[in-house]
Amino acid sequence: MDDNAPAHRGCIIRERLLETGVSQLEWPALSPDLHPIESLRDHLSRCVETHNSVPQNLNDLRAALQKEWDVMPQQTISKLVNSMRRRCQAVIDAQGHMISFRDI
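Residues numbered from 1 in each chain as written. Predicted model: local features only at pLDDT ≥ 70, side-chain atom pairs only at ≥ 80, totals over all residues. Heavy atoms only, no water.

## Quick word on the overall build of the protein
Moving on, step 1. What the protein contains, in helices and strands, is six helices and zero strands.
Moving on, step 2. Of the regular secondary structure in the protein, the N- to C-terminal order runs α-α-α-α-α-α.
Moving on, step 3. Across the 104 residues in the protein, those meeting the buried criterion constitute 19%.
Moving on, step 4. Considering only residue pairs separated by 6 or more positions, the protein has 57% of its internal contacts joining residues 24 or more positions apart. (Helix = DSSP H or I, 4+ residues; strand = E, 2+ residues; numbered from the N terminus. Buried < 20%, exposed > 50% of the residue type's maximum accessible area, 1.4 Å probe, protein only. Contact = heavy atoms within 4.5 Å.)

## Points about the packing of helix α3 (residues 36-49) against helix α4 (residues 58-71)
Moving on, step 1. Packing of α3 against α4 brings their axes to within 9 Å, and their N-to-C directions diverge by 110°. One way to sum up the angle between α3 and α4 is to call them roughly perpendicular. Between α3 and α4, the contacting residues are Leu40, Leu44, Cys47 and Val48 on the first element and Leu61, Ala64, Leu65, Glu68 and Trp69 on the second.
Moving on, step 2. Considering only residue class, the contact of α3 with α4 consists of eight nonpolar, no polar and one charged. (Axes fitted to C-alpha atoms, helices over the stretch in contact; angles between N-to-C directions. Parallel < 35°, antiparallel > 145°, perpendicular 65-115°, else oblique. Nonpolar A, V, L, I, M, F, W, Y, C, P; charged D, E, K, R; others polar.)

## With respect to the packing of helix α5 (residues 74-82) against helix α6 (residues 84-93)
Moving on, step 1. Where α5 contacts α6, the two axes come as close as 5 Å, and the packing angle between them is 35°. Contacts between α5 and α6 involve Leu80, Val81 and Asn82 on the former and, on the latter, Met84, Arg85, Arg86 and Arg87.
Moving on, step 2. For the contact of α5 with α6, the per-class residue count stands at three nonpolar, one polar and three charged.

## Overview of the side chain of glutamate 68
Moving on, step 1. With respect to the element layout, glutamate 68 can be found in helix α4.
Moving on, step 2. Among buried Asp, Glu, Lys and Arg side chains, glutamate 68 stands out as unpaired, with lysine 67 the closest opposite charge at 5.6 Å.
Moving on, step 3. Polar contacts involving the side chain of glutamate 68 include one to the side chain of histidine 51, which spans 2.6 Å.
Moving on, step 4. Contacts of glutamate 68, omitting those with residues within four sequence positions, involve Leu44, Cys47, Val48 and His51. (Lys, Arg positive; Asp, Glu negative; His and termini not counted. Salt bridge = Lys/Arg side-chain N within 4 Å of Asp/Glu carboxyl O. Polar contact = N/O pair within 3.5 Å; in protein donor to acceptor, adjacent residues only side chain to side chain.)

Below, the structure written as structure tokens:
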């Protein structure tokens, strides 16, 4: 499955998928992203942005993200997982169009 991004659609990628027998699912561009990790990544990013100092390099960013991950309550992750039924229903109600959903 891919989201039609150019990196997923290059000739070399398509050839390699054909060679290895990997089938692809049709996935419309700009489809709603229901993957819970995307919401979690957004949450971590927003938490890091609240810090007084902006990460200056990859190591600083990694450390800031790890710090936020370590203090994230299990309740936050559970709330996200439990929101999936509502998210799916919202997409169905929107007839497959994008939805605005922030549960965390």
